[in-house]
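Coordinate inspection notes
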Amino acid sequence: MTSTYTLTLGPLTRQLPIIPISADLAIASFVLLGDAELTDYAASALAHKMPAHFDYLITMESKGIPLAQELSRLTNRAQFVVLRKSQKDYMRDPLSVPVNAITTSAPQHLFLDGLDAQSIAHKRVVIVDDVISSGGSLRAANELVQQAGATVVGQVAILAEGDAAKRTDIEFLAELPLFPL
């Protein structure tokens, strides 16, 4: 097996290291953090794939944050909401759901600050992520949004990994293969 995967997004090319995540599976490791050029390009391309009418962007800590930041700017949204992977002392009455994702070996939780939950109640939201693979994080985000009383009107990501590329409920820019070992 090759040690890298060549990802092409529009005019941009990145060499992604192929990393084993289990005894029988490897992934092309896509890390958006720190790549301003790719973040800007992806946000611009995704902005055209988003629903016309929504109130808030929602993203998961941490790699979705720069993408949500740029999408927020491009779509003239003054704020976006970050679902956290740990409960913070400043949170007021946080909502929490368990999440299992392909890149984490142990179950985690996602947390929505109660003040953010109040802000998004009865609003239309778009969930933003860098990569959708097994859909575990997306399911957890949807559950938190529903608990807060908001409605998901769109789900966008830069990449759809493996079978996620067959989903019809997400918009994405490119497919990312999985690598059986």
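Let me begin by describing the structure that accompanies this report. Nothing here was measured: the structure is a model prediction, and the numbers come from that model.

1. Examining helix α2 (residues 65-74)
If you check which residues of α2 are buried, you get L67, A68, E70, L71 and S72. Turning to α2, the residues buried within the fold contact α1 (36-47), β4 (56-60), β5 (80-83), β8 (124-132) and β9 (151-161). One or two steps after α2, the chain reaches N76, where phi turns positive at roughly 60°.

2. Some remarks on α1
Between its terminal C-alpha atoms α1 stretches 16 Å, which fits the 16 Å expected from 12 residues at 1.5 Å a residue. Within α1, burial applies to L38, T39, A42, A43, A45 and L46. Viewed end-on, α1 has its buried residues packed into an arc of 165°, placing them on one side of the element. Buried residues along α1 sit in contact with β1 (4-9), β2 (12-20), α2, β9 and β10 (171-176).

3. Remarks on the sheet that holds strand β3 (residues 25-28)
Ordered in space as β1-β2-β3-β11, the 4 strands form an open sheet in which the pairing is antiparallel. A strand with exactly one partner marks an edge of an open sheet, and here the two such strands are β1 and β11 (178-180). When strand polarity is set aside, the average angle formed by the axes of neighbouring strands in this sheet is 30°. Relative to β11, β3 runs antiparallel, the two being bridged by 3 bridges. Each residue of the ladder has a partner; that of A26, found in β11, is F179. Contacting β1 and β2, α1 crosses the sheet at an angle of about 110° to β2.

4. Concerning the environment of I132
Within the fold, I132 resides in strand β8. Sequence separation between I132 and K49 is 83 residues; the distance between their C-alpha atoms is 16 Å. The contacts of I132, once residues within four sequence positions are left out, are L138, A157, L159, A160, E161, A164, R167 and I170.

5. Re the environment of Y56
Here Y56 lies in strand β4. Among the residues examined, Y56 registers a relative accessible area of 15% and is labelled buried. Measuring from C-alpha to C-alpha, the distance between Y56 and V128 comes to 10 Å, with 72 residues separating the pair along the chain. Here Y56 is in contact with Q79, V81, S119, I120, K123, R124, V125 and V126, once residues within four sequence places are set aside.

6. Let's talk about the side chain of T75
Structurally, the position occupied by T75 is in the loop between α2 and β5. The residues touching T75, leaving out its near neighbours within four places in the chain, are M50, F54 and L57.

7. What about the pairing of β5?
With 4 bridges joining them, β4 and β5 adopt parallel strand pairing. Paired with L57 across the strands is F80, a residue of β5. With respect to chirality, the unit in which β4 leads through α2 into the neighbouring parallel β5 is right-handed.

8. Looking at the sheet that holds β4
With parallel pairing, the 5 strands of this open sheet are ordered in space as β5-β4-β8-β9-β10. One side of each edge strand has no neighbouring strand; the edge strands of this open sheet are β5 and β10. Along the sheet, successive strands turn relative to each other by an average axial angle of 25°, direction set aside. Against the sheet, α2 engages β4, β5, β8 and β9, with an angle of about 170° to β4.

Rules and cut-offs
- Residues numbered from 1 in each chain as written.
- Predicted model: local features only at pLDDT ≥ 70, side-chain atom pairs only at ≥ 80, totals over all residues.
- Heavy atoms only, no water.
- Buried < 20%, exposed > 50% of the residue type's maximum accessible area, 1.4 Å probe, protein only.
- Helix = DSSP H or I, 4+ residues; strand = E, 2+ residues; numbered from the N terminus.
- Contact = heavy atoms within 4.5 Å.
- Expected span 1.5 Å × (residues − 1).
- Arc of directions from axis to C-beta.
- Pairing = 2+ DSSP bridges.
- Axes fitted to C-alpha atoms, helices over the stretch in contact; angles between N-to-C directions.
- Right-handed = clockwise from strand over helix to strand, strands pointing away.

Interpretation in functional terms is not warranted from these geometric data alone.
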